[in-house]
Amino acid sequence: MHVAFVSQYDAHDVRAWSGTPYYMAQGLAEHVERVSIVSPLSGGRDLSGKLRVLRARLGGRTYLRQHTRKVVRAYADEVQRRLEVLRPDAVLSAGSLPLSLLEVDCPTASWSDATFESNLYFYADYAALPDDFVVEAHRLERAALERCRFAFYTSDYAARSALHYYGADPKKVVVIPYGANLDREPPAHEVEAAIAARPTNRCDLLFLGTDWVRKGGDVAVKVAEALHRRGVAVTLRVVGAELPLERLRPFVHPLGFISKATDEGRARLRHLLSSAHFLVLPSRADCTPMVFAEANAYGVPVLTAAVGGIPSVVRDGVNGRLFPPRPNPAEIAEAVAALLERPGAYRDLAQSSRTEYEQRLNWRTATAAVARHLAEAVAAEAVA
């Protein structure tokens, strides 16, 4: 089977969109005979869009170029020209927009972590969009769902939006989580050794995220404070986000942004993940953070909140602890302390976190499931 893989972001560049299109395409290539990459997409020149940006800003609103019909039309034209030469058996798009206006004879599918509607009141950039823009974006999302053979989503949260808000055909909607964007998968024996080497007389927490407020960085600090008050020797390492000065504590270590694009950066991240007791990311709004799968790959349980698509990734007591939205930091600290007091229970949770990665949260498993559905669609098309 020959699959054309379409992405707005450059699927040849491991740095684009945290490497998701790159790893998605690489994983898919393990399960089909041929993958042709159609990316990145430019969206053409949108001079009128500049006027819309100006109008939105003057009105205190935002503007997301990729959700406009003019840009989506350009996406479709770019893809269609390539497909006429490639003549694939199926098309898989990392996101719905390149499919919204695309007209091809072969089956198409999208793979997304959200719909436009599921993001609309979740993120500041979406919440401040002009009304006419929102109407246009909804039409484009609905058009993609009508045209595609399958709509793969990373969570039940996103799938419910497709089904209940956009009225998607239930036969089209399939939940398949993303994998972990890792340049090197840590072998099981290394992970087992790392888990065993984690000290039982202290707790090393890791916060990995660039958006301090949305990812719950302030809550992570309060968790560390609560553990410190309980007499636990705690360290919170903060990677990515800029830590507000008022949040600095002797046990909070801001490490700044660490790039996956360099050997040094990747090595530092591997060390931070393998040595952490927990990844703490009590998000206020999130789709399906890639870092959860990455932490689980290293046998690191996740401490997070049941918002958005997170409950489809983190299973309470299996690969982390799942707390209510806007969780009480003292409650999280209590759960951590209880596990630290029972080293065997912590090791079991860490091991089952790795098992979740091996069985569910890796690109091998995820792309195999997508490939099976695409093969089914191609076979059905051939019979018809």
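Note that the coordinates shown come from a computational prediction; the quantities given were computed from them, not determined experimentally. (Residues numbered from 1 in each chain as written. Predicted model: local features only at pLDDT ≥ 70, side-chain atom pairs only at ≥ 80, totals over all residues. Heavy atoms only, no water.)

Student: Quick one: what's the story with the sheet that holds strand 7 (residues 203-209), residue by residue and with numbers?
Tutor: Taken together, the six strands give an open sheet; going across it, the order is 9-8-7-10-11-12, and neighbouring strands pair in parallel fashion. One side of each edge strand has no neighbouring strand; the edge strands of this open sheet are strand 9 (252-256) and strand 12 (320-323). Neighbouring strand axes in the sheet, compared pairwise and without regard to direction, differ in orientation by 25 degrees on average. Both strand 8 (residues 234-240) and strand 9 contribute to a ladder of four bridges, which runs parallel. By the bridge assignment for strand 9, arginine 237 is matched with histidine 253. Helix 12 (residues 329-340) contacts strand 7, strand 10 (278-281), strand 11 (302-305) and strand 12 of the sheet and is inclined by roughly 155 degrees relative to strand 12. (Pairing = 2+ DSSP bridges. Helix = DSSP H or I, 4+ residues; strand = E, 2+ residues; numbered from the N terminus. Axes fitted to C-alpha atoms, helices over the stretch in contact; angles between N-to-C directions. Contact = heavy atoms within 4.5 Å.)

Student: Outline the side chain of serine 312, listing residues and values.
Tutor: Within the fold, serine 312 resides in the loop between strand 11 and strand 12. Using a relative accessible area of 15% as the deciding quantity, one classes serine 312 as buried. (Buried < 20%, exposed > 50% of the residue type's maximum accessible area, 1.4 Å probe, protein only.)

Student: Provide a residue-level description of the side chain of asparagine 319, including the pertinent values.
Tutor: By secondary structure assignment, the location of asparagine 319 is in the loop between strand 11 and strand 12. Within the local environment of asparagine 319, its side chain forms a polar contact with the side chain of asparagine 296, the two groups lying 2.8 Å apart. A distance of 2.7 Å separates the side chain of asparagine 319 from the backbone nitrogen of arginine 315, its partner in a polar contact. Ignoring anything within four residues of it in the chain, the contact list for asparagine 319 reads Asn296, Pro301, Val302, Val313, Val314, Leu349, Ser353, Glu356, Arg360 and Leu361. (Polar contact = N/O pair within 3.5 Å; in protein donor to acceptor, adjacent residues only side chain to side chain.)

Student: Run through the packing of helix 1 (residues 20-29) against helix 14 (residues 363-383), naming residues and quoting values.
Tutor: The N-to-C vectors of helix 1 and helix 14 enclose an angle of 65 degrees; their axes lie 8 Å apart at closest approach. By the angle between their directions, the pair helix 1 and helix 14 is classed as roughly perpendicular. Every pair of crossing elements has a handedness; the one defined by helix 1 and helix 14 is right-handed. Only Trp363, Thr367 and Ala371 of helix 14 make contact with helix 1, whose side of the interface consists of Thr20, Tyr23, Met24, Gly27 and Leu28. Looking at the contact of helix 1 with helix 14 residue by residue, the classes come out as five nonpolar, three polar and no charged. (Parallel < 35°, antiparallel > 145°, perpendicular 65-115°, else oblique. Left-handed = near helix turned anticlockwise from the far one by under 90°. Nonpolar A, V, L, I, M, F, W, Y, C, P; charged D, E, K, R; others polar.)

Student: Give a description of the packing of helix 8 (residues 188-197) against helix 13 (residues 343-359) that names residues and reports values.
Tutor: Pairs of packed helices are described in terms of their axes, by the angle between the two and the distance that separates them. Closest axis-to-axis distance for the helix 8/helix 13 pair is 10 Å, and the angle between their directions is 155 degrees. One finds that helix 8 runs roughly antiparallel with respect to helix 13. In this structure, helix 8 crosses over helix 13, and the sense of that crossing is right-handed. Of helix 13, the residues touching helix 8 (which contributes Ala188, Val191, Glu192 and Ile195) are Arg347, Ala350, Gln351, Arg354 and Glu358. Of the residues assigned to the contact of helix 8 with helix 13, the class counts are four nonpolar, one polar and four charged.

Student: Can you break down the sheet that holds strand 6 (residues 173-175) residue by residue, with the values?
Tutor: Strand order in the open sheet made by the six strands is 2-1-3-4-5-6, with parallel pairing throughout. This sheet does not close on itself; its edge strands, each paired only once, are strand 2 (34-38) and strand 6. Taken pair by pair, the neighbouring strands of this sheet meet at an average axis angle of 20 degrees, ignoring direction. Pairing of strand 1 (residues 2-6) with strand 2, which is carried by five bridges, proceeds in the parallel orientation. Within strand 2, the residue paired with valine 3 across the bridge is valine 35.

Student: Hey, could you go over the nonpolar core for me, with residue numbers and the actual values?
Tutor: Residues Leu205, Leu227, Leu236, Phe278, Leu279 and Phe292 are the most contacted members of the largest nonpolar core, which totals 105 residues. Setting aside residues up to four positions removed in sequence, phenylalanine 292 forms contacts with Leu279, Leu281, Val302, Thr304, Ile310, Val313 and Val314. Residues Trp111, Phe152, Met290 and Ala366 belong to the second largest nonpolar core, which totals 27 residues. (Core = buried A, V, L, I, M, F, W, Y, C linked by side-chain atoms within 4.5 Å.)

Student: Describe the pairing of strand 8, with residues and values.
Tutor: Burial analysis of strand 8 places five of its seven residues in the buried class, which makes it a mostly covered element. Examined bridge by bridge, strand 7 and strand 8 share seven bridges and lie parallel to one another. Among the inter-strand pairings, aspartate 204 is bridged to a residue of strand 8, identified as threonine 235. Regarding topology, helix 9 (residues 217-229) serves as the crossover connection from strand 7 to the parallel strand 8, and that connection is right-handed. (Right-handed = clockwise from strand over helix to strand, strands pointing away.)

Student: Quick rundown of empty space enclosed by the protein? Include the residues and the values.
Tutor: In the structure shown here, the tally under the stated rule is two cavities of 30 Å³ or more. Of the pockets and cavities examined, the largest cavity occupies roughly 60 Å³. As for the largest cavity, its lining consists of Thr154, Pro177, Tyr178, Gly179, Thr288, Pro289, Met290, Ala293, Val313 and Leu361. Grouping the constituent residues of the lining of the largest cavity by class yields seven nonpolar, three polar and no charged. Its volume calculated, the second largest cavity comes out at about 30 Å³. Lining of the second largest cavity is provided by Asp204, Leu205, Leu206, Arg237, Leu272, Ser275 and Ala276. Elements that contribute at least two residues to the lining of the second largest cavity include exactly strand 7 and helix 10 (263-275). When residues in the lining of the second largest cavity are grouped by element, the largest group, three residues, is from strand 7. (1 Å grid on protein atoms, 1.4 Å probe; cavity = no way out; pocket = protein on both sides within 12 Å on 5 of 7 lines; lining within 4 Å. Points joined across faces, edges and corners; volume = space filled by probe spheres on them.)

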